[in-house]
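Listed below, chain by chain, are the residues.
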Amino acid sequence: GPGGIGPGGPGTDGPESSANGGAAPEAAADLAFLEKSGPVDLSFLAGSLSSLGFGEGFPSAQQMEGLRTALKELPPGVLLSVVAGLDTLPHSPAGLRMAFQALAPEVFGHAAATLLAQGAGQGDTWDAFKDHLHGILQGSPSFQGLLAALEAELRNRGLGLENLHDLVSRMDWETMGVDEQLRLVTDHDHLWKLSLDQRLRFLRRLLDEGRLDTFAGVLDMVIRALAGDDAHRREMAARTLAGVVRWLAVPGIPPECELPLLGGLTGHFGSERFPRIHHVTVEALGTALDEMVQRGEPGHAHALLLELDALVMFLESREPWRTDALAALWDRLARPESLARVMELVHTSNPETLLNEMIPYLEKVGMPAAQALVEVLGEEQDRKRRARLMEVIRGLGDLALPAVVASLESPKWFLVRNTLNLMADMGDVAALKPAEACLSHRDVRVRCAAVRTAWKVGGPAAVPALIEAFSQADPDTMLEIMFAFGQVRSAAAVPTLGAFATDHRMPEKLRARAAEVMGTIGDPSAQPFLEELVRRRGRIFTTAEPTEIRVAACRALAALGTPVALGSLRALVAKEPRNNDRPLLQQVLEQSLR
C-alpha cells in the first residue's frame, strides 16, 4: 500500500467462506486482500516516519491530521489490515505508536462502515467479513472503543446496526461462563453465530472440563448440520469437524464420539454437491487418517479408506473431483511420516496384526512402501529387527521386487546379501539376472548368497552363469556353486565338474566334493570322469588319487545307478590290490548292491 505498507503473515483464523458475491467489486477486492494478507507488519515505520518529526511524546495536532489523512486514503481492506497489525509498530519513537493507537477506533469505524455500505454485510460475504472484524477486535485491548467508533460511523451514514449487534454478540460470548454459553447454543442456535475459533474453543472446553455427554450432544449438532440444505452451514460444520479431528491424537476425544465423527465425515464425502465444501471434508478425513497412523492404528486408516471406496462405488453420480479426492486420500498413506510410523509398528506388532493390518496397508501403498522397507532394512543394525523387516518384505511378494532389486546397488554388503536372500525366498524368475550380476561381487558372503538365489529362482536356467562364475570363484563360492549344480541336477554342469575333479592342481576336498556332486546329478556322462578318479595308473608301480577322492568317486558311480556304472564299479574294485583303499572301495560296492 502507500508509504510501503505491505501484507504480513496471514492470521490464524481465516474466514469460513471466501464467497464475496454480495459485495460491490471494490468491496470484493478489499475482502480478498484481507483474506490473503492478514495483519500488516508496521515495524518498518520506525525509519520511515521518524524523519517527519515523530518523537517520544504525543504528536502535534498537525502531525495527527497528516497521519489521519494518509490513513483514510488507503483502501478499506488495507486500512483494516493496518489496524490488525498495530502490535507490530516500533516502540520507538513512542509518539508514532501513540498516534496510531489514538486513531485506531476512528479508522476502524471508517473502513468497516465503508465496506458494509458497499454490501459486505450481506449473506456469506458478511460471514467472511465478520470473521475478519472479530479477529481484529479480539486482538485489541481496547475493542470497546473500536465498536463504539463503528457504531457512531454507522449512525452517521444512516446504516442499520444489525451487523454491529452480531459483532457485539460474538465479543460478549468471550466473557460468558460455559453454562451460559451452552444455554445459547442449545436454546438459541447460537453455535453458528460464532467464529470457527470460538466454536472449537467451546468444544475443547467442554472436553477438557469432562462434560463428555454435553460435548457429544454439541458434536452431534455439528454432524447433523453436514446433512442440511444450508450450504453455508454445511461448510461451517465441515470446518469445525476438520478442527475436531485433530484431537484424535492423545489425549484424544472419547471413543464413543469418534465413530459418529468419522461416520459423519464419511457420509458427507459421498453426499456433498459443492466441490469447495467437499474439499474441507477431504482435508478433515486426511487429518483423521494421519492421526490414526500416528497413534498406532494404520489398519483403521486402511479400513476407513476401503469404506470410502465402497461408498463411491455405489454412488449414482461419479464426479471426477470426488474420485480425485479419494485417490488423494489413498496417497496420504504413503506420506513419509506415515510410512516411518508404520516401519516402527512393524517391530511391535504381533503376527496376527502384522498379517491382517500392516501388510495389507503396505500392499495398498505399493512401491513407496517397498522402497521404505528396503531403505530401513539397509540402516537397521539389530538382527532381530532386520529379520522382521525381511519377513514383511517377503509378505509383499512381487510388489516389492523392483525396490528389492534396486537395493542390490547398495554399498552395504549385508543389505545386498539380505536382499539376495529375500529374492530367493520370493522365488520370482525375474530376480535371476540381478542375482547373476552379483556373482562377481567383491564380498564372498554376497557371492555365496547370489549363487543360492540364482539356482533357487532360475533352476537350470541359472547353470550357464554359474559355470562361468565357477572358473573364477574362491573356494567358498565354489562349494556353493557345486551345491547348486547338485540341486539343479543339470547335465550341463558335468563337464565343468569332471574337469575340475581330475585337475591335480585343485584342493583335494574340493575335488572330492566335485565327484560327489556328479553322482548327485546322476547323468551317465559323468561315468568317464569318475572311472578316471577311481582307476589305478601304471602296470608295475601304480599310482592312484588320494583315498578321499577315490571313495567319493566310487560313491558317485554307485549313485549313477545304471547297470553299466555298477559293472564298472565292480571291475574297478576287483582290480584293486590288497591295500588300505580296497576295504573302503569294497564297502561302497557292497552298499550299492543292497
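Relevant structure appears above.
Fair warning: this is a prediction, and the values are worked out from it, not measured in the lab.

## Observations regarding the overall build of the chain
Part 1 of the argument: Helix and strand counts for the chain stand at 32 helices and zero strands.
Part 2 of the argument: Relative to a compact globule of 594 residues, whose C-alpha radius of gyration would be 25 Å, the chain shows 41 Å and is clearly more extended.
Part 3 of the argument: In terms of principal-axis extent, the alpha carbons of the chain reach across some 135 × 55 × 40 Å.
Part 4 of the argument: By the burial criterion, 51% of the 594 residues in the chain qualify as buried.
Part 5 of the argument: Sequence-distant contacts in the chain: of pairs separated by 6 or more residues, those separated by 24 or more amount to 69%.

## Thoughts on helix H5 (residues 94-120)
Part 1 of the argument: Along H5, the sharpest change in direction is near 45 degrees and occurs at Ala104; proline Pro105 comes one to four residues later.
Part 2 of the argument: For H5, the buried fraction is high: 20 of the 27 residues fall into the buried class.

## Focus on the environment of Gly57
Part 1 of the argument: Residue placement: Gly57 occurs in the loop between helix H2 (45-49) and helix H3 (61-72).
Part 2 of the argument: Separated by 25 residues in the primary sequence, Gly57 and Val82 have C-alpha atoms spaced 22 Å apart.
Part 3 of the argument: Among all residues touching Gly57, those that are not within four sequence positions of it are Gly95 and Met98.

## Comments concerning the environment of Gly519
Part 1 of the argument: Its place among the elements puts Gly519 in helix H28 (residues 508-521).
Part 2 of the argument: Separated by 228 residues in sequence, Gly519 and Glu291 have C-alpha atoms that sit 62 Å apart.
Part 3 of the argument: Dropping the residues within four chain positions of it, Gly519 is found in contact with Ala556 and Ala559.

## Regarding the pattern of salt bridges
Part 1 of the argument: One pass over the full model with this rule turns up 37 salt bridges.
Part 2 of the argument: With its nearest N and O atoms 2.9 Å apart, the salt bridge here joins Arg224 to Asp220. Taken together, the residues Arg224 and Asp220, both in helix H11 (residues 212-225) and four residues apart, mark about one turn of the helix.
Part 3 of the argument: According to the relative accessible area criterion, Asp220 is partly exposed, its value standing at 35%.
Part 4 of the argument: Residues Arg239 and Glu235 are paired through a salt bridge, measuring 3.2 Å at the closest nitrogen-oxygen approach. Highlighted residues: Arg239 and Glu235, both in helix H12 (residues 231-244), separated by four residues, approximately one helical turn.

## Here's the deal with the packing of aromatic side chains
Part 1 of the argument: For the coordinates displayed, the defined rule picks out five aromatic pairs.
Part 2 of the argument: With a centroid separation of 6.1 Å and an interplanar angle of 90 degrees, the aromatic rings of Trp413 and Phe414 are classed as edge-to-face.
Part 3 of the argument: Judged by its relative accessible area of 26%, Trp413 is partly exposed.
Part 4 of the argument: Site record: aromatic cluster; members linked through ring pairs are Phe470, Phe485 and Phe500.
Part 5 of the argument: The ring of Trp330 carries Lys364 above its face, with NZ or CZ at 4.5 Å from the centroid.
Part 6 of the argument: Arg445 extends its terminal NZ or CZ atom over the ring of Trp413, reaching a point 3.6 Å from the ring centre.

## With respect to the nonpolar core
Part 1 of the argument: Counting 147 residues, the largest nonpolar core has Leu362, Leu420, Leu466 and Phe485 as its most contacted members.
Part 2 of the argument: Discounting chain neighbours no more than four positions away, the residues touching Leu466 are Leu439, Val451, Ala454, Trp455, Ile481, Ala484 and Phe485.
Part 3 of the argument: Counting residues in each nonpolar core, the second largest holds 44 residues, with Leu45, Ala104, Leu116 and Leu147 among its members.

Calculation criteria
- Residues numbered from 1 in each chain as written.
- Predicted model: local features only at pLDDT ≥ 70, side-chain atom pairs only at ≥ 80, totals over all residues.
- Heavy atoms only, no water.
- Helix = DSSP H or I, 4+ residues; strand = E, 2+ residues; numbered from the N terminus.
- Rg over C-alpha atoms; globule rule 2.2 N^0.38 Å.
- Buried < 20%, exposed > 50% of the residue type's maximum accessible area, 1.4 Å probe, protein only.
- Contact = heavy atoms within 4.5 Å.
- Bend = angle between axes of the 7 residues up to and from the residue.
- Salt bridge = Lys/Arg side-chain N within 4 Å of Asp/Glu carboxyl O.
- Phe/Tyr/Trp six-rings, centres within 6.5 Å; stacked < 30°, edge-to-face > 60°.
- Lys NZ or Arg CZ within 6 Å of the ring centre and 35° of its normal.
- Core = buried A, V, L, I, M, F, W, Y, C linked by side-chain atoms within 4.5 Å.

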